[in-house]
Amino acid sequence: MADHATVVVVDPCRLYREALVKLLSHEKDLGKVEGVSNIWEALTVVKTNNIRLVICRGKDLGFEPEKSLAGCKNVASGVNYIVLLEDDEIEKAYTLCDSGFCSCVMLSSGASELIRCVRALLRGETYMDRHLDGEIPDVIKMSRYQKRCLDELSKREKEIVYWLSQGYSNGQIAKAMVLSEKTVRNHISRILKKLDLKDRVQVAVLGWKTGLAEKPLKDICCDE
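Worth saying up front: this structure is predicted, and the values here are computed from it rather than measured. (Residues numbered from 1 in each chain as written. Predicted model: local features only at pLDDT ≥ 70, side-chain atom pairs only at ≥ 80, totals over all residues. Heavy atoms only, no water.)

## Digging into the overall build of the chain
Piece 1. Each helix and strand in the chain was counted, giving 12 helices and five strands.
Piece 2. For the chain, the residues scored as buried account for 45% of the 224 residues in total.
Piece 3. For the chain, the share of sequence-separated contacts (at least 6 apart) that also reach a separation of at least 24 residues comes to 66%. (Helix = DSSP H or I, 4+ residues; strand = E, 2+ residues; numbered from the N terminus. Buried < 20%, exposed > 50% of the residue type's maximum accessible area, 1.4 Å probe, protein only. Contact = heavy atoms within 4.5 Å.)

Shown next as structure tokens:
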């Protein structure tokens, strides 16, 4: 595979895979497009090439696609994913959005919608199928937004979210992080503002919901 490939199409059906690669290859601004037969082969390619985007079908990710993609992100971070869904897979869209994998495109939406999504992600933006976006409950959209905001917190702010998720008081957090309680209070105020939350309990819930609370503390401290 060429070193300058930027997009990988994953599908076990060779004819479908080649057709999609050909379609996207006509859009010169998308860069080099290649195809592989399964998601694990894609991860091997991602680790050895400058891949920025992986496109796969929801049905090929198993019963819990969000767990499959979470595993992929652990192996190869910094790569975006587009999940192509059948009309009867709307529930998967809810689950993926709630887990922070918000780039879903319905196969029935056609090629133009997929190309718009690819372009958006290559620009560093997020994208949801326009025909699907109105179907996503507001609570999931807010969770998706908060997940992105959580990713943008500083290393120290993420650590405070971690301790809040463990039920620590301001005094306990200050002792654990060797800070003053006033500094901890200031950090919590900034975290609430950044995440658009009302209190520390909501921060703790978000920490568990996004998985940050279950990470080893050393991983949180080394995120940056």
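## A short note on the packing of helix 8 (residues 155–165) against helix 9 (residues 170–177)
Piece 1. Close contact between helix 8 and helix 9 brings their axes to 10 Å; oriented N to C, the two are set at 130 degrees. Our classification of the angle between helix 8 and helix 9 gives oblique. Seen along the crossing, helix 8 lies across helix 9 with a hand that is right-handed. Touching Arg156, Glu159, Ile160, Trp163 and Leu164 of helix 8 are Ile173, Ala176 and Met177, all from helix 9.
Piece 2. Here the residues of the contact of helix 8 with helix 9 sort into six nonpolar, no polar and two charged. (Axes fitted to C-alpha atoms, helices over the stretch in contact; angles between N-to-C directions. Parallel < 35°, antiparallel > 145°, perpendicular 65-115°, else oblique. Left-handed = near helix turned anticlockwise from the far one by under 90°. Nonpolar A, V, L, I, M, F, W, Y, C, P; charged D, E, K, R; others polar.)

## Here's the deal with the nonpolar core
Piece 1. With 26 residues, the main nonpolar core has Val8, Val10, Ile39, Val54, Tyr81 and Val83 as its most contacted residues.
Piece 2. Secondary structure elements with two or more residues in this core: strand 1 (5–10), helix 2 (39–48), strand 3 (53–57), helix 3 (65–75), strand 4 (80–85), helix 4 (90–98) and strand 5 (104–106).
Piece 3. Counting residues per element, this core draws most heavily on helix 2, which supplies five residues.
Piece 4. In this structure, Val54 is in contact with Val8, Val10, Ile39, Ala42, Val46, Val79, Asn80, Tyr81 and Ile82, ignoring residues within four places of it in sequence.
Piece 5. Judged by nonpolar contacts, the second largest core, of 22 residues, contains Leu179, Val203, Leu206 and Ile220. (Core = buried A, V, L, I, M, F, W, Y, C linked by side-chain atoms within 4.5 Å.)

## Looking at the packing of helix 8 against helix 10 (residues 181–195)
Piece 1. Following both chains from N to C, one finds helix 8 and helix 10 inclined at 95 degrees, their axes separated by 10 Å at the closest point. Of the possible angle classes, the one that applies to helix 8 and helix 10 is roughly perpendicular. Contacts between helix 8 and helix 10 involve Arg156, Glu157, Ile160, Val161 and Leu164 from the former and His187, Ile188, Arg190, Ile191 and Lys194 from the latter.
Piece 2. For the contact of helix 8 with helix 10, the residue count by class is five nonpolar, one polar and four charged.

## Thoughts on the side chain of Glu159
Piece 1. Tracing the backbone through its elements, the reader meets Glu159 in helix 8.
Piece 2. Buried Glu159, no salt bridge; nearest opposite-charge side chain is Arg156, N-O distance 6.1 Å.
Piece 3. Excluding residues that lie within four positions of it along the chain, Glu159 makes contacts with Met177, Leu217, Ile220 and Cys221. (Lys, Arg positive; Asp, Glu negative; His and termini not counted. Salt bridge = Lys/Arg side-chain N within 4 Å of Asp/Glu carboxyl O.)

## Brief notes about the environment of Ile220
Piece 1. Along the chain, Ile220 turns up in helix 12 (residues 217–221).
Piece 2. Between the C-alpha atom of Ile220 and that of Lys155, which follows or precedes it by 65 residues, the distance is 6.8 Å.
Piece 3. If we ignore the near neighbours within four places in the chain, the residues touching Ile220 are Lys155, Lys158, Glu159, Tyr162, Leu212 and Lys215.

## Here we look at the pairing of strand 3
Piece 1. Of all five residues that make up strand 3, five are buried, and the element is covered over most of its length.
Piece 2. Residues of strand 3 alternate between two faces, with Leu53, Ile55 and Arg57 on one and Val54 and Cys56 on the opposite face, all of them buried.

## Some points on unusual backbone geometry
Piece 1. Of note in the backbone geometry, Val178 takes a positive phi value of approximately 55 degrees without being a glycine.
Piece 2. Take Val178: it is sitting in the loop between helix 9 and helix 10.
Piece 3. Judged by relative accessible area, Val178 falls into the exposed class, the value being 72%.
Piece 4. The backbone of Asp196 shows a phi angle near 60 degrees, a positive value even though the residue is not glycine.

## Notes on the pattern of salt bridges
Piece 1. Taken as a whole and judged by the stated rule, the model has 10 salt bridges.
Piece 2. Here Asp29 and Arg119 are joined by a salt bridge, their closest N and O atoms 2.6 Å apart. With a gap of 90 residues between them, Asp29 in the loop between helix 1 (14–25) and strand 2 (32–36) and Arg119 in helix 5 (residues 111–122) connect regions that are remote in the sequence.
Piece 3. Its salt-bridge partner being Arg57, residue Glu86 comes within 4.0 Å of it at the nearest N-O pair.

## Describing the packing of aromatic side chains
Piece 1. One pass over the full model with this rule turns up two aromatic pairs.
Piece 2. Where Tyr162 meets Trp163, the ring centres are 5.1 Å apart and the plane angle is 75 degrees; that geometry is what we call edge-to-face. Here the two residues Tyr162 and Trp163 agree in accessibility, since each one is buried.
Piece 3. On the numbers, 4.5 Å between centres and 35 degrees between planes, the contact of Trp163 with Tyr168 is tilted.
Piece 4. Judged by its relative accessible area of 11%, Trp163 falls in the buried class.
Piece 5. Exposure remark for Tyr168: the relative accessible area of 29% places this residue in the partly exposed category.
Piece 6. Three or more aromatic residues joined by ring pairs make a cluster, and in this case those are Tyr162, Trp163 and Tyr168.
Piece 7. If you follow Arg57 out to its NZ or CZ, it ends over the ring of Tyr16, 4.0 Å from the centre. (Phe/Tyr/Trp six-rings, centres within 6.5 Å; stacked < 30°, edge-to-face > 60°. Lys NZ or Arg CZ within 6 Å of the ring centre and 35° of its normal.)

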